[in-house]
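Here is what each chain is made of, one letter per residue.
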Amino acid sequence: MTHRFKTRLEQAHELGNYEALLALIPYAKLIGIECTRLGDELLFRLPANKDNIGNPILPALHGGVIAGFMELSAALHLLVFTGAPGLPKIIDFSLDYLRAGQFRDTYAKCQVWRQGRRVANVAITAWQSTPAEPIATARAHFKIEETTRP
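Note that the structure is predicted; figures quoted are calculated from it, not measured. (Residues numbered from 1 in each chain as written. Predicted model: local features only at pLDDT ≥ 70, side-chain atom pairs only at ≥ 80, totals over all residues. Heavy atoms only, no water.)

Caption draft 1: Quick peek at the overall build of the chain. What the chain contains, in helices and strands, is four helices and eight strands. Shown N-terminal to C-terminal, the secondary structure of the chain runs as helices and strands in the order α-α-α-β-β-β-β-α-β-β-β-β. Computed over C-alpha atoms, the radius of gyration of the chain comes to 15 Å, within 12% of the 15 Å expected from 2.2 N^0.38 for 150 residues, which places it in the range of a compact globule. In the chain, buried positions account for 38% of the 150 residues. Counting contacts in the chain only where the partners sit at least 6 residues apart, residues at least 24 apart contribute 60% of the total. Counting every atom, the chain has about 8500 Å² of accessible surface; 52% of that belongs to carbon and sulfur. Considering the chain, the positive charge centre built from 17 side chains and the negative charge centre built from 14 side chains are found 4 Å apart. (Helix = DSSP H or I, 4+ residues; strand = E, 2+ residues; numbered from the N terminus. Rg over C-alpha atoms; globule rule 2.2 N^0.38 Å. Buried < 20%, exposed > 50% of the residue type's maximum accessible area, 1.4 Å probe, protein only. Contact = heavy atoms within 4.5 Å. Areas by Shrake-Rupley, 256 points an atom, 1.4 Å probe, with all protein chains shown as cover. Lys, Arg positive; Asp, Glu negative; His and termini not counted. Charge placed at Lys NZ, Arg CZ, Asp CG, Glu CD.)

What follows is the structure, given as structure tokens:
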């Protein structure tokens, strides 16, 4: 983890504002991811953007954009809540599309199911209207750096 990234992460924790941290991630900037802290949870938002449309006839979001949004949300969730000393690295990502992502704002929440010393498992749910009607669910496994022991 670069010093600049680590400094922005610490500032984001203090202020509860992750905008400066997301600005350091080119893909996050490209698709427009936003992040808000709500108590002990993070809410990720992908604003409606014409550049993210995959099927202009419907119009519907590109499946790769939805997948990238969910994967990046999980990695950021781990980074913020696990206290890992470095960026998590993706091992495996499994996604189930449940319905078309329409051209409107999309939201995601993550939950860490298991965190060991080297691997963490995260569940991600993305929705548009209500969390009870998800457009996709995913499971991600990340390699995390071990914390140094005294």
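Caption draft 2: Up close: the packing of aromatic side chains. As enumerated under the stated definition, the model contains one aromatic pair in all. On the basis of an interplanar angle of 25° and a centroid distance of 6.1 Å, the ring pair of Y107 and W127 is categorised as stacked. Of the two residues, Y107 sits in strand β6 (residues 106-115) while W127 sits in strand β7 (residues 119-127), which places them 20 residues apart along the sequence. Take Y107: its relative accessible area is 22%, and that puts it in the partly exposed class. W127 gets classed as buried once you look at its relative accessible area, which sits at 7%. (Phe/Tyr/Trp six-rings, centres within 6.5 Å; stacked < 30°, edge-to-face > 60°.)

Caption draft 3: Molecular detail of the nonpolar core. In terms of nonpolar packing, the biggest core is built from 40 residues, with I33, F44, F69, M70, L76 and I124 touching the most fellow members. Listed by contribution, the elements that provide at least two residues to this core are α1 (3-15), α2 (19-22), α3 (26-31), β2 (41-46), α4 (63-81), β6, β7 and β8 (134-143). Residue contributions to this core peak at twelve residues, all from α4. When residues no more than four places from it in sequence are discounted, the contact partners of L76 are L21, L22, I25, L42 and F44. (Core = buried A, V, L, I, M, F, W, Y, C linked by side-chain atoms within 4.5 Å.)

Caption draft 4: Quick look at the sheet that holds β2. Across the sheet, which stays open at both edges, the six strands sit in the order β1-β2-β6-β7-β8-β5 with antiparallel pairing between neighbours. Either end of the sheet is taken by a strand with one partner, and the two such strands are β1 (34-38) and β5 (89-97). Across the sheet, the axes of successive neighbouring strands diverge by a mean angle of 25°, strand direction being ignored. Both β2 and β6 contribute to a ladder of three bridges, which runs antiparallel. Looking at β6, one finds that L46 is bridged to T106. (Pairing = 2+ DSSP bridges. Axes fitted to C-alpha atoms, helices over the stretch in contact; angles between N-to-C directions.)

Caption draft 5: The arrangement of the pattern of salt bridges in detail. Applying the stated rule across the entire model yields four salt bridges. Across the salt bridge formed by R45 and E34, the nearest N and O atoms sit 2.4 Å from each other. Residue R45 is located in strand β2, and its partner E34 is located in strand β1; the two are separated by eleven residues in the primary sequence. What makes R45 partly exposed here is its relative accessible area of 24%. The partner of R45 in a salt bridge is D105, and the shortest N-O contact between them spans 2.7 Å. Here D105 lies in the loop between β5 and β6 and R45 lies in strand β2, a separation of 60 residues in the sequence. (Salt bridge = Lys/Arg side-chain N within 4 Å of Asp/Glu carboxyl O.)

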